[in-house]
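This is what each chain is made of:
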Amino acid sequence: MTTVATGTAAPTSAVGTAHTRVEGRDKVTGAARYAGEIPFENLAHGWLALSTVARGRIRALETDTVLGMPGVLAVLDHRNAPRVTTDYTGLLGTPPDPTCAVFQHDRVPHLGWPVALVVAETSEQAREAAEALVVHYDQEPHDVGFKGDHPDAYPLDSHGPAVTGKGDLDAELAASAHVVDREFTTPEEHHSMMEPHAATARWEDGRLEVIDSNQGATWVVGELANLFSLDPASVRVRSEHVGGGFGSKGVRAHQVAAVMAATTLQRPVRVVLTRRQMFSLAGYRSPTTQRVRLGADADGRLRALEHRSLSMTSTVHEFIESSAGVARVMYDADAHHTANRVVRLDVPTPTWMRAPGEAPGSFALEAALDELAEECGIDPVELRLRNEPAKGPVSGLPFAGRNLPACLREGARRFGWADRDPRPGVRRDGRWLLGTGMAAASFGAGAAPSTATATAHPDGTFTVRIAAADIGTGARTALTLVAADALGVRPERVQVRIGDSDFGPAMIAGGSMGTRSWSWAITAAAGELRERLALGSDIPPEGITVRSDTTAAIGALAPAERHSYGAQFAEVAVDVTTGEVRVRRMLGIFAAGRIVNPLTARGQFLGGMIWGISMALHEEAVRDRATGGHVGADLAGYHVATHADVPHIEADWIDDTDPGDPVGIKGIGEIGIVGAAAAVANAVWHATGVRHRDLPIRPDRVLAASQDATSSGGAADA
Amino acid sequence: MSALATRKKLLMALSTSSVITLKINGEKHTLPVDHRTTLLDALRERLDLTGTKKGCDQGQCGACTVLLDGRRGVACLQLAVAAEGREITTVEGLADGERLHPVQQAFLDLDGFQCGYCTPGQICSAIGAIEEHAAGWPSAVTDDVRPEAGPPPLSADEIRERMSGNLCRCGAYNSIVQAVARAAGAASGTDPVPGASVHGVTDSKETVA
Amino acid sequence: MREFGYQRASDVAGAVALLGADPDTRFLGGGTNLVDLMKTGVERPARLVDIRELPLGEIESTADGGLRIGATVTNGDLAAHPEVRRRYPALAQAVLAGASGQLRNMATVGGNLLQRTRCGYFTDVTKPCNKRLPGSGCPAVTGDHHNHAILGASENCVAVHPSDMAVALTAFDAVVHYETADGPGESPLGEFYLPVGDTPHRETALPPGALITGVTLPPAPVAAHSRYRKVRERASYAFAIGSVAAALDVRDGVVHDVRLALGAVASRPWRAGAAERVLAGAPATTDSWTAAADAELAAARPLPHNGYKVTLMRNLMVAELTRLAEEAAR
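Reading guide: rules and limits
- Residues numbered from 1 in each chain as written.
- Chains lettered and ligands numbered in written order.
- Predicted model: local features only at pLDDT ≥ 70, side-chain atom pairs only at ≥ 80, totals over all residues.
- Heavy atoms only, no water.
- Pairing = 2+ DSSP bridges.
- Helix = DSSP H or I, 4+ residues; strand = E, 2+ residues; numbered from the N terminus.
- UniProt positions renumbered as here; feature names shortened; annotations may be inferred.
- Contact = heavy atoms within 4.5 Å.
- Buried area = accessible area lost by both parts, 1.4 Å probe.
- Salt bridge = Lys/Arg side-chain N within 4 Å of Asp/Glu carboxyl O.

### Thoughts on the sheet that holds strand β6 (residues 135-139) of chain A
Residues and elements named next belong to chain A. Across the sheet, which stays open at both edges, the three strands sit in the order β4-β2-β6 with antiparallel pairing between neighbours. At either margin of the open sheet sits one strand with a lone partner, and together these are β4 (107-108) and β6. As paired elements, strand β2 (residues 56-61) and β6 share five bridges and run antiparallel to each other. Bridged to leucine 61 within β6 is valine 135.

Structure (structure tokens):
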């Protein structure tokens, strides 16, 4: 590890200075091994065969033919696979998604659901055999038609209640000088991390070992132990390097199938999802339809706020994209109503995807705010500043540090917002119309109980062990810096080991809570170890080890509104004759707690903002109503932003050390995407005078809108 | 053609597997392969060279980029049997002992990655792209492709277009562009990207306004 | 992927002989399309004949001042070639607009001409598709077709041809040369791709067992003043939703010569013959460009969700002709 920042860093201030990644050299030389890359003697390869109907029953599988193909070792399906149980509550407080409990029955809940696993000596043999497997179905009519007025929609509680409300909405809207009432839609979006899900399972000395790509070894161990009715101590999950997760890498069909096959064959079995399979087996963000109603006084103060969101889930598991939750934090109003509803369709179960709820919710709310600013004739930054709540709009709880105004002001200053002409459609650069837009952002800050150990070695070095996951966040490096400071030594003397469930229970890399939760546990263990060492006793050859558990400390946190905040600014260029939209520059200013490693933190913020660009302009999984499956389920059909789509972007932060955390951390993984798509969409309006309320803002939509605008002789809606 | 070669060809036509010799990072590897085996799978599953990554297996992400006879290509669409006789360079073959290739060093120093899974492909692609540019190849954003116009300066936009075959879902694009610019500058003995085209390639904290 | 035999050909006659009349054998060039289709199960050959080492990798000037491009020239080398860039800049631009640097270094000219549509129904063997499985139906007509054809399609297939290169070659009257067991043959690119009609699975006029050996470009002074413009749903590394190859020679304010071809609008690269006829001898004005575009697009039959392409192509044609005329005036 090298220190990038200039200047001298005292041994006790590793946190806050830029460090290249601990594992960086391994990653640039190809030495870093990911889940599907650990060699095993006698490894067999499993390939999933997926359903080609969206709903029905498996009538027959012609497995005999497949079993006779070269290299084929076994075919697992609902008739012969080991049984699993789904009657439990997992680490995250929810029952397991039954779509992960494969091969237990003949029912097909969605297209692309595993109906069999073919295991063979080589991956080529397994693939051909799985694709040759003939399956007969009793097909039933399916419904994959997600629409705002679906009659079967119902409210569903999640981490928060489905519905909140105060005040008389109709009365306040009627009394408002300015009213905005709009519907927004966001499409089905997929995580599309670069490393496909991969797991190798084997039994070793009576223990089940799974080499996996996941966001939390503790989580996966718990789920597998429950599913297979095993003592958690007899299951070990390791994930040294993880090629991206974004919410998708928990327990999924491939791990379950790999364990089944390893159990049946008593040899190591690897199952890797193909990119196409990921579109039906790796989770996704539900599409949403959202309605936002805002009513304001002449000076822009909100009297009425209503945000209603509908998302979809599978027929067998409840998951809700709580898009209406964002208003519960961001803005108050005399009448304040939010509702999250869901509809069950014959589709795979959606899941958490980077800023679940906040990403689509902030698009609708912050785009509606922009329209309200236009209605009121008030600058969008000023409108937000005028609506800063004094306490939690729904909870009534105090804010534990709300530095949104500082983000807005600093962002506006650096972006040059003050010089902005508010009129839309009046700036041109050749064929391009130019515009700027902004949005505000928040994402919850939290911590979850974790355990860690810190060991002092006789040679003066230290080892810290925690079942953390570095899915690209830089967690391994950040935790090294945190541990060094807590131990009072230079980071070079600390080795942090992660990604192994044998290190004890720990929080997952999710909810922007990983690094904070793990740092808390490491700080506690290291602090106690330091005290022990201060007593002056000799260190034995095996070292001195201290274990921490933050359950009690985190449970004692006083209730408060704890969040990270951000202000997003974007400039876009739009060619209305071709529909092309290009982001020209972007700036995000964040208040996200103490920044442990500026080098990698900037990457986290920028990555989130790039997700926002991608969400605003590119991403959309197209579901074919006739078959119930996707059309173009690959990275040529599902567009994520390329290099060429991403201009120079800046992310920076203001001092926001959280007094409620031992290291001052909040969390940075998700705040970068929140509001980013709205900033881009608002800029597209400023460029063209057309509001785009349906994402992504595709060329055909821009073209259609500009035609409408031309024919109606003025501004238009898309 | 020697009798041995003729006989080998005949066998390959009838058989669905062959014994082949691949030259990878200067070393020869002789192995039997199923004809279906891609170069990517041969590297990863047969030769324990797992630095080359499988992101999509369909030529749609660039994670498996390697150098074939010195030029960048995707290993997932290259059949191993058809790669016999070609010089293959993977990410494992770039460093000179402990000394990283300048592109690797720039990625490391400037944090040109997050999860690291697209990184070997980005690095191999960057090496190829820098050489293509040095050879005077235009790109889709080159204003005037006629040879009389001369090679375009390696601006940030040129780097972005040339690197667009490598997706990075973590969104490390900004620092990757900086790393490529720095390495290209080092390779040509000039400043990292001449001043006129340096706009947008900076790690400074100055305003973007 | 089904198991298959593999052979390497070292000369053209040998390659043709190896393929024979076997409908289960395919020539393997760069593999960027074929290997992908084999992975998805769309193609299931029993045998591959590798033609990458055939002596067809040269780009040469022809006696009449045109170019001859060998079938195994890679897209990368084609776009980098000085004579291509000097005499047919739109061809270089078209190639550079396609795929990625990596894929262009692998893909060959012959393979590019024969690449299959990227229609999401065609590439998914679990779905019906008349092109892949004749008679199974075309779900795109009533399903997802927002990037499908507006010209020359039939109710049997509305897929578009994915090549950028072929659009520019079409504009420049390229001729495809091939070798068969019975000797060489050729086909003007304008006639190479067959109309969709009732037979969307029959895509080209290439005789069974034929090997494309190269493409010739006749001399065309107008081509030196040419551009290729591609619009897609992201800035790079995506197939076109509309593209134009245009060449324009204006003398004394009048169109002396013009070439126009459109991409991503039909099952084949679409030579805009109607537009060219309107422009022949017309004044170099915006009105002429608009009239020409309208003449070409009069035949457009958009589907419910791809009507935007009519607007897009009209705007693209006008914009590119305008720009070429401005460049000529400088």
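### Quick word on the UniProt feature "domain: FAD-binding PCMH-type" (unreviewed entry) in chain C
The UniProt feature table records "domain: FAD-binding PCMH-type" (unreviewed entry) at residues 1-222 of chain C. In this annotation, residues 1-222 of chain C is assigned 26% helix and 17% strand; the end-to-end C-alpha distance for the span is 46 Å.

### Section: the interface of chain B and chain A
Of the residues lining the interface, 59 residues belong to chain B; the matching set on chain A comes to 70 residues. Overall, the association of chain B and chain A removes approximately 5,100 Å² of surface from exposure, summing both partners, and the carbon and sulfur fraction of that is 53%. Summed over the shared surface of chain B and chain A, the number is seven salt bridges. Of the charged contacts, one joins glutamate 619 of chain A and arginine 169 of chain B as a salt bridge, the two residues approaching to 2.6 Å between their closest N and O atoms. Contributing elements (two or more residues each) for the side of chain B that touches chain A: α2 (39-46), α3 (102-110), α4 (119-134), α5 (156-162) and α6 (173-188) of chain B.

### Digging into the environment of glycine 165 of chain B
You can see glycine 165 of chain B is positioned in the loop between α5 and α6. With 146 residues separating them along the chain, glycine 165 of chain B and valine 19 of chain B place their C-alpha atoms 32 Å apart. Ignoring anything within four residues of it in the chain, the contact list for glycine 165 of chain B reads Cys61 and Gly62 of chain B together with Ser100, Gln102 and Tyr237 of chain C.

### Remarks on unusual backbone geometry
Here leucine 695 of chain A and proline 696 of chain A are connected by a cis peptide whose omega angle stands at -5 degrees. If you trace the backbone, proline 696 of chain A turns up in the loop between β28 (690-691) and α17 (699-712). Of note, serine 192 of chain A is a non-glycine position whose phi angle comes to about 55 degrees, a positive value. Structurally, serine 192 of chain A is set in the loop between β9 (178-186) and β10 (198-204). One non-glycine residue, alanine 99 of chain C, adopts positive backbone phi at about 55 degrees. Here alanine 99 of chain C shows up in the loop between α5 (89-96) and α6 (101-106).

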